[in-house]
Amino acid sequence: MRKLIDFNKTYAIALGGGGAKGGYEVGVWRSLLEEGLKYNAVSGTSVGALNGAMMAMRDLDGAEALWRNIRFSDIMDVDDEIMNKLFEHEATAKEIRSSIRKAMSIVRGGGLDVTPLRENMHRMIDPLRIKNADVDFIVVTYSLTDKKGLDIDMRTLPTEEICDMLLASAYYPAFKNEPLTDGKRYTDGGFSDSLPITPLIKRGYKDIIAIRLSGGFGREKKVKAGKDVSIDYIEPKRKLGQTMNFSPVQSAYNISLGYYDAKRYVYGLLGDFYYIERTMTEDEAYKELMSLVREQVIQADPNASLRLIHEEILPRIAKKYNAFGDYYDILIHYLEHTGEAFKLPEFRIVTDTQLLNEVKGCLTEKKAAGGES
């Protein structure tokens, strides 16, 4: 496969906010490093700020270990077992009633206690390493006291304020908001900019990779960039789970998704559910598509005509799968949806021919077992 990204360049990385979805950014980071990524600047909002601190420290292994082992109680003062049951919809009626009472008490008390997040941050983040890093590190937050958004160059702060400003960026509205050591109150950086590309442009960076977490909190500021600025986006086509679902299982999935989404970006892979390398021409794809569809149509109606297939069946398939391109596009969408229905492995790179053969094999097995095609 040929890389479509020029890794002779040095990039600036913008990391979006999204709470528990942050493992995705770590997966992207590992994948891009494997491909030869060089970076000299990172900006981050909320969880992007926390991941950005690890990027500034160049501690990928530490960041991945954090996300693979994360628990609800690492972030807030809650019971992990109950939280897992609630998010997996496995809680009993009694547990749900108890959780509602506790939630009401938390609201009356000003929000969730994030002492665990503060303690873990001090354990994971070395302010001196950030001060001495070879990476510019900018964090976005919103000052409730001053009523304005801020983007802060973390290397200019005293070491004792660095973790405070990371916490300031990550103050999700459900968290108990307390004044920091400067006496001011802050809230989640998503109020100011959920994907902080502009702070990088302001500082003169021209080649930017922005990692967007779908469904992140807050607003994404409109980017104004000159023609000499290049911005590439990496974002999921799959759901990353809920913003507050700090589950190691969900995080592991998000890491894998980020890892392979970055491969799609680097190599121009096709697909929404799979990571597909193109080897077929449209003419070859058309023949394979017709073979697949005609076989299934003939099973239902041996007298079905080619005109029926071309004018009714294929347009119906294209509409069903939102395939608005050529015959190759229709084939890929058909293979993806059929492959997903058969639960073919998701996290790998496959050629279109390989995926086609796997789908054919599944259809053959189903037919032999007496199932409907």
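About the criteria used
- Residues numbered from 1 in each chain as written.
- Predicted model: local features only at pLDDT ≥ 70, side-chain atom pairs only at ≥ 80, totals over all residues.
- Heavy atoms only, no water.
- Buried < 20%, exposed > 50% of the residue type's maximum accessible area, 1.4 Å probe, protein only.
- Helix = DSSP H or I, 4+ residues; strand = E, 2+ residues; numbered from the N terminus.
- Pairing = 2+ DSSP bridges.
- Right-handed = clockwise from strand over helix to strand, strands pointing away.
- 1 Å grid on protein atoms, 1.4 Å probe; cavity = no way out; pocket = protein on both sides within 12 Å on 5 of 7 lines; lining within 4 Å.
- Points joined across faces, edges and corners; volume = space filled by probe spheres on them.
- Core = buried A, V, L, I, M, F, W, Y, C linked by side-chain atoms within 4.5 Å.
- Contact = heavy atoms within 4.5 Å.
- Salt bridge = Lys/Arg side-chain N within 4 Å of Asp/Glu carboxyl O.

**Looking at the pairing of strand 2 (residues 39–45)**
Then step 1. Within strand 2, 6 of the 7 residues are buried, which leaves it mostly tucked inside the rest of the structure.
Then step 2. Note: strand 1 (residues 11–15) against strand 2, 5 bridges, orientation parallel. Looking across to strand 2, one finds that A14 is bridged to S43.
Then step 3. Chirality of the crossover, the property in question, places the unit of strand 1, helix 1 (residues 23–35) and strand 2 among those that are right-handed.
Then step 4. Of the pairings in the sheet, the one linking strand 2 to strand 3 (residues 136–143) comprises 5 bridges and is parallel in character. Across the sheet, residue S43 finds its bridge partner in strand 3, namely I138.

**Focus on the layout of surface pockets**
Then step 1. Looking at the second largest pocket, its volume works out to about 330 Å³.
Then step 2. Surrounding the second largest pocket, 13 residues form its lining, Q296, I317, K320, Y321 and Y334 being those nearest its centre.
Then step 3. For the lining of the second largest pocket, the secondary structure elements donating two or more residues are helix 11 (282–300), helix 12 (306–320) and helix 13 (327–341).
Then step 4. Among the elements that take part in the lining of the second largest pocket, helix 12 stands out by supplying 4 residues, more than any other.

**Examining the nonpolar core**
Then step 1. Residues I13, L32, M76, I125, F137, M154 and L166 are the most contacted members of the largest nonpolar core, which totals 74 residues.
Then step 2. At 8 residues, helix 10 (residues 248–267) tops the list of elements feeding residues into this core.
Then step 3. Setting aside its immediate chain neighbours within four residues, M76 contacts M83, L112, D113, V114, P116, F175, M244 and F246.
Then step 4. Ranked by size, the runner-up nonpolar core spans 31 residues in total, among them I276, Y328, L344 and L356.

**Side note on the pattern of salt bridges**
Then step 1. Inspection of the entire model under this criterion finds 26 salt bridges.
Then step 2. Close ionic contact of R348 with E358 constitutes a salt bridge, the shortest N to O distance being 2.7 Å. With a gap of 10 residues between them, R348 in the loop between helix 13 and strand 9 (349–351) and E358 in helix 14 (residues 352–368) connect regions that are remote in the sequence.
Then step 3. Where salt bridges share partners, they join K3, E34, E35 and K263 into one cluster.

**Thoughts on unusual backbone geometry**
Then step 1. A positive phi is found at N322, a non-glycine position, where the angle reads about 55 degrees.
Then step 2. Although it is not a glycine, K343 sits at a positive phi angle of roughly 60 degrees.
Then step 3. Along the chain, the position of K343 falls in the loop between helix 13 and strand 9.
Then step 4. We classify K343 as exposed; its relative accessible area is 72%.

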